[in-house]
Amino acid sequence: MADNPKKKGRDRELVSEQEHEVAYLMRTAKVTRQKALRAIREAGPDREKVMEYLARE
């Protein structure tokens, strides 16, 4: 939960290199850890762009 409940987040729209985020990408896109990390680094933190990047691979 966010620290400030009035603040509606873009958190769901972003992805980071944290373990749980990488694991989620690995499960949903069915890719290896290396591919998930490369996608985050290449496409940036936008979850939609990361998923598009992985779909092209």
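Here we summarise the structure given alongside this text. Here the structure is a predicted model, which means the values were calculated and not measured.

## Quick notes on the packing of helix 1 (residues 19-29) against helix 2 (residues 33-43)
Two measures define how a pair of helices packs: the angle their axes make with one another and the distance between the axes.
Then comes step 1: Close contact between helix 1 and helix 2 brings their axes to 9 Å; oriented N to C, the two are set at 110 degrees. When the axis of helix 1 is compared with that of helix 2, the two are roughly perpendicular. Residues Glu-19, Val-22, Leu-25 and Met-26 of helix 1 pack against Arg-33, Ala-36, Leu-37 and Ile-40 of helix 2.
Then comes step 2: The residue makeup of the contact of helix 1 with helix 2, split by class, is six nonpolar, no polar and two charged.

## Description of helix 3 (residues 47-56)
Count 3.6 residues to each turn of an α-helix, and residues three or four apart come out pointing the same way.
Then comes step 1: All of the buried residues along helix 3 are Arg-47, Val-50, Tyr-53 and Leu-54. Each buried residue of helix 3 sits inside an arc of 120 degrees when the element is viewed along its axis, so together they form one side. Turned more than 90 degrees away from the buried face of helix 3, the exposed residues are Glu-48, Ala-55 and Arg-56.
Then comes step 2: Structurally, the start of helix 3 carries an N-cap: the backbone nitrogen of Glu-48 is 2.9 Å from a side-chain oxygen of Asp-46.

## Focus on unusual backbone geometry
Then comes step 1: Even without a glycine there, the phi angle at Lys-30 is positive, about 55 degrees.
Then comes step 2: Its place among the elements puts Lys-30 in the loop between helix 1 and helix 2.

## What to know about the pattern of salt bridges
Then comes step 1: Within this structure, the stated rule accounts for four salt bridges.
Then comes step 2: Where Arg-47 meets Glu-21, a salt bridge forms, and the shortest distance between an N and an O atom there is 3.1 Å. Of this pair, Arg-47 sits in helix 3 while Glu-21 is found in helix 1, placing the two residues 26 residues apart along the sequence. Per residue, the accessibility class of Arg-47 equals that of Glu-21, and both read buried.
Then comes step 3: For Glu-57, the salt bridge is made with Arg-38, and the minimal N-O distance between the two is 3.3 Å. With a gap of 19 residues between them, Glu-57 in the segment after helix 3 and Arg-38 in helix 2 connect regions that are remote in the sequence.
Then comes step 4: Its relative accessible area of 49% is what places Glu-57 among the partly exposed residues.
Then comes step 5: Using a relative accessible area of 36% as the deciding quantity, one classes Arg-38 as partly exposed.

The rules we used
Residues numbered from 1 in each chain as written. Predicted model: local features only at pLDDT ≥ 70, side-chain atom pairs only at ≥ 80, totals over all residues. Heavy atoms only, no water. Axes fitted to C-alpha atoms, helices over the stretch in contact; angles between N-to-C directions. Helix = DSSP H or I, 4+ residues; strand = E, 2+ residues; numbered from the N terminus. Parallel < 35°, antiparallel > 145°, perpendicular 65-115°, else oblique. Contact = heavy atoms within 4.5 Å. Nonpolar A, V, L, I, M, F, W, Y, C, P; charged D, E, K, R; others polar. Buried < 20%, exposed > 50% of the residue type's maximum accessible area, 1.4 Å probe, protein only. Arc of directions from axis to C-beta. Polar contact = N/O pair within 3.5 Å; in protein donor to acceptor, adjacent residues only side chain to side chain. Salt bridge = Lys/Arg side-chain N within 4 Å of Asp/Glu carboxyl O.

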